[in-house]
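Breakdown of the fold
In case you want the letters, here they are:
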Amino acid sequence: MNHPHEYFDAVILGGGGAGMMCGMVAGQRGRKVLIIDHAKKLGGKILISGGGRCNFTNIGASAAQYVSENSHFCKSALSRFKPEDFVSLVKKHHIPFHEKKLGQLFCDRTAQDIVHLLKKECDLAGVKFLLDCKIFEVSRSSQDSTNHPDEHPHFVIQTSQGLFSSKSLVVATGGLSIPKIGATGFGYQIAQQFGLACVPRAPALDGFTLSDQTENPFRELAGLSADCDVSTPTRSFRENILFTHAGLSGPAALQASLHWQKGEPIWINFLPDHQCGAWLIERKKTGSRGLVKNLLSEILPGR
């Protein structure tokens with residue numbers, strides 16, 4: 001292996017939201033930073049979030065909304081960088097946005113605005129980018145005085161665009177959630193390589209897919225959204241649910257999936273504001289003589 005041809009204070013693997021935020025702050029603190037990503041575009045997951053408008057923060061975000069084996073990390077992180085801090089950054093770049101229910105903030109125009117914001121802040125901080133760059137090997141090396149300004153061990157990153165070394169290495173490659181936009185398990189491999197503890201992984205915030213699609217009872221309801229209450233054995237969420245060709249999605253299903261374990265039941269109440277039997281009896285008392293399905297169409301979508 002040849003010697004690394006350029007040294008950085010920090011090399012960040014991953015050009016998504018986390019990688020660019022990290023690069024931006026490190027660069028603002030005077031560090032020489034390189035961000036490497038295997039994709040041809042930055043922020044792939046940002047671009048598809050929020051239906052293409054990027055739900056960039058939530059004004060009510062707190063540690064209570066995060067599931068973690070180390071809850072104190074969330075408290076520390078959120079106390080140092082609050083939702084209003086990012087909102088200030090959005091306003092600085094004159095990006096119009098709006099609030100939806102439950103404090104969710106979305107771009108008025110497109111998620112690309114957030115990618116441009118992060119890229120511009122990185123550029124102003126002197127961060128260098130390498131896109132469409134494959135990483136072949138990451139290793140930890142002893143000091144080489146011919147290439148490095150200090151005597152500490154450093155990381156060596158061998159890529160399709162050359163060799164690089166750094167005092168610090170940040171892995172911000174994301175998880176396995178959306179392979180079609182390039183998500184891989186590379187970050188887990190790096191963690192295991194360097195002996196970091198990894199907890200068992202499971203799908204979360206990803207809705208519910210029915211295993212037997214030939215008997216999907218929701219197939220004809222695909223595209224329909226309904227306000228409902230979705231419950232697991234431990235938590236309950238009141239939000240919209242979205243029927244898909246594969247199963248159930250939408251905010252309520254996504255949140256419930258985070259607290260659901262394989263094999264557990266799921267309860268869905270499509271009339272959370274009504275006691276259905278009592279409501280029908282009351283309608284009968286008022287003289288309604290329609291069929292039950294017609295009466296229910298007053299409070300449920302027709303399909």
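Residues numbered from 1 in each chain as written. Predicted model: local features only at pLDDT ≥ 70, side-chain atom pairs only at ≥ 80, totals over all residues. Heavy atoms only, no water.

As for the nonpolar core
Met20, Ile46, Phe56 and Ile114 are the most contacted members of the largest nonpolar core, which has 27 residues in total. Those elements that provide at least two residues to this core are helix H1 (17-28), strand E2 (33-36), helix H4 (83-92), strand E5 (104-107) and helix H5 (112-124). Top element by residues in this core is H5. It accounts for 5 residues. Residues within four places of Phe56 in sequence aside, it is in contact with Phe86, Val87, Val90, Phe97, Leu105, Phe106, Cys107 and Ile114. (Core = buried A, V, L, I, M, F, W, Y, C linked by side-chain atoms within 4.5 Å. Buried < 20%, exposed > 50% of the residue type's maximum accessible area, 1.4 Å probe, protein only. Helix = DSSP H or I, 4+ residues; strand = E, 2+ residues; numbered from the N terminus. Contact = heavy atoms within 4.5 Å.)

Topic: unusual backbone geometry
Of note in the backbone geometry, Cys54 takes a positive phi value of approximately 60° without being a glycine. In this structure, Cys54 sits in the loop between helix H2 (44-48) and strand E3 (55-58). With a phi close to 55°, His94 is a non-glycine residue in the positive phi region. Relative to the elements of secondary structure, His94 occurs in the loop between H4 and strand E4 (97-99). Judged by its relative accessible area of 68%, His94 is exposed.

Notes on the environment of Ile181
Here Ile181 shows up in the loop between strand E9 (162-171) and helix H6 (186-193). Residues Ile181 and Ile114, 67 residues apart in the sequence, show an inter-C-alpha distance of 18 Å. Not counting chain neighbours up to four residues away, the residues in contact with Ile181 comprise Gly44, Lys45 and Ile48.

Focus on the sheet that holds strand E12 (residues 236-243)
Strands in a sheet are paired, the pairing made by backbone hydrogen bonds, and the direction either parallel or antiparallel. As summarised here, the arrangement of the 5 strands in space is E10-E13-E12-E11-E14, forming an open sheet in which the pairing is antiparallel. The two strands at the open ends of the sheet, each matched to only one other strand, are strand E10 (208-209) and strand E14 (267-269). Pairing analysis gives 3 bridges linking strand E11 (residues 225-231) to E14, with the strands arranged antiparallel. Bridge pairing in E14 places Asp229 opposite Asn269. (Pairing = 2+ DSSP bridges.)

Quick look at the sheet that holds E3
As summarised here, the arrangement of the 3 strands in space is E3-E5-E4, forming an open sheet in which the pairing is antiparallel. Edge positions in the open sheet fall to E3 and E4, since each of these has one partner strand only. Strand-to-strand twist in this sheet, taken as the mean axis angle between neighbours without regard to direction, amounts to 25°. Pairing of E3 with E5 involves 3 bridges; the strand directions are antiparallel. Across the sheet, Thr57 pairs through a bridge with Leu105, a residue of E5. The strands touched by H4 are E3, E4 and E5; relative to E3, the strand with the most contacts, the crossing angle is about 140°. (Axes fitted to C-alpha atoms, helices over the stretch in contact; angles between N-to-C directions.)

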